[in-house]
Amino acid sequence: MARFHARNGVLYVGATTSAQASPAAFITSFTIDAKSDRVDVTAFGDTSKVYVQGLSDAQGTYAGFRDSGAKQLLAAAQDGLSRKFYFYEDNAAPTAYFFGTAFFYQSVSLGVSAAAALSGTWAAATPLATSGLT
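Reference entry: report on the structure contained in this document. Because the structure is a prediction, the values reported are computed rather than measured.

We now examine the side chain of Gln106. Within the secondary structure, Gln106 sits in strand 7 (residues 97-111). For Gln106, a relative accessible area of 19% gives the class buried. Among the polar contacts listed, one links the side chain of Gln106 to the side chain of Tyr62, at a separation of 3.4 Å. If near-sequence neighbours (up to four positions away) are discounted, Gln106 is found in contact with Tyr62, Leu73, Leu74, Ala77, Leu118, Ser119 and Gly120.

So, in structure tokens, the structure goes:
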């Protein structure tokens, strides 16, 4: 596989719970933390720790610049409803992406000598899925 630069990433988020996802403007970073519950089931007589895996989970963060025309992330944070999302690591590879529905939360940062910025977290409302990723 070839390496690629993340500058071509794009995050799509639905403007409403039923809307198709559209690009979220001016996003500069997006993280995905996919994991499963891990439960220690070590018992007397075991010679090492023993674990079993539980339910899967996906959460992450996003950040970018605030723009008055980019309202879907703020709307999602305010109404508390899940949204469809798609994250492409490289928009030149349109068949490789993460997707699902998620709850989004947002913070806005303003400063006299800084660009208006946004940042937030997201948590999966449905299982995180992938297409075309290995």
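Counted according to the given criterion, the structure contains 1 cavity of 30 Å³ or more. Approximately 50 Å³ is the volume found for the largest cavity. Looking at which element gives the most residues to the lining of the largest cavity, the answer is helix 1 (residues 72-79), with 3 residues. When grouped by side-chain class, the residues that make up the lining of the largest cavity number 7 nonpolar, 2 polar and no charged.

On the surface, Val39, Val41, Val50 and Val52 cluster together into a nonpolar patch covering about 260 Å² of accessible area. Inspection of the secondary structure puts Val41 in the loop between strand 4 (33-40) and strand 5 (51-65).

With that settled, the discussion passes to helix 1. Within helix 1, the full set of buried residues consists of Gln72, Leu73 and Ala76. All buried residues of helix 1 project into a common sector of 100° when viewed along the axis, lining one side. The elements touched by buried residues of helix 1 are strand 1 (10-14), strand 2 (21-23), strand 3 (27-30), strand 5, strand 6 (83-88) and strand 7. Gly80 lies just past helix 1 and shows a positive phi near 70°.

This next bit is on unusual backbone geometry. With a phi angle near 60°, Phe26 is a residue other than glycine that sits in the positive phi range. Mapping Phe26 onto the fold places it in the loop between strand 2 and strand 3. Phe26 gets classed as partly exposed once you look at its relative accessible area, which sits at 48%.

Conventions used here
- Residues numbered from 1 in each chain as written.
- Predicted model: local features only at pLDDT ≥ 70, side-chain atom pairs only at ≥ 80, totals over all residues.
- Heavy atoms only, no water.
- Helix = DSSP H or I, 4+ residues; strand = E, 2+ residues; numbered from the N terminus.
- Buried < 20%, exposed > 50% of the residue type's maximum accessible area, 1.4 Å probe, protein only.
- Polar contact = N/O pair within 3.5 Å; in protein donor to acceptor, adjacent residues only side chain to side chain.
- Contact = heavy atoms within 4.5 Å.
- 1 Å grid on protein atoms, 1.4 Å probe; cavity = no way out; pocket = protein on both sides within 12 Å on 5 of 7 lines; lining within 4 Å.
- Points joined across faces, edges and corners; volume = space filled by probe spheres on them.
- Nonpolar A, V, L, I, M, F, W, Y, C, P; charged D, E, K, R; others polar.
- Patch = residues over 30% accessible without salt bridge, like charges linked within 9 Å, V, L, I, M, F, W, Y side chains within 5 Å.
- Areas by Shrake-Rupley, 256 points an atom, 1.4 Å probe, with all protein chains shown as cover.
- Salt bridge = Lys/Arg side-chain N within 4 Å of Asp/Glu carboxyl O.
- Arc of directions from axis to C-beta.

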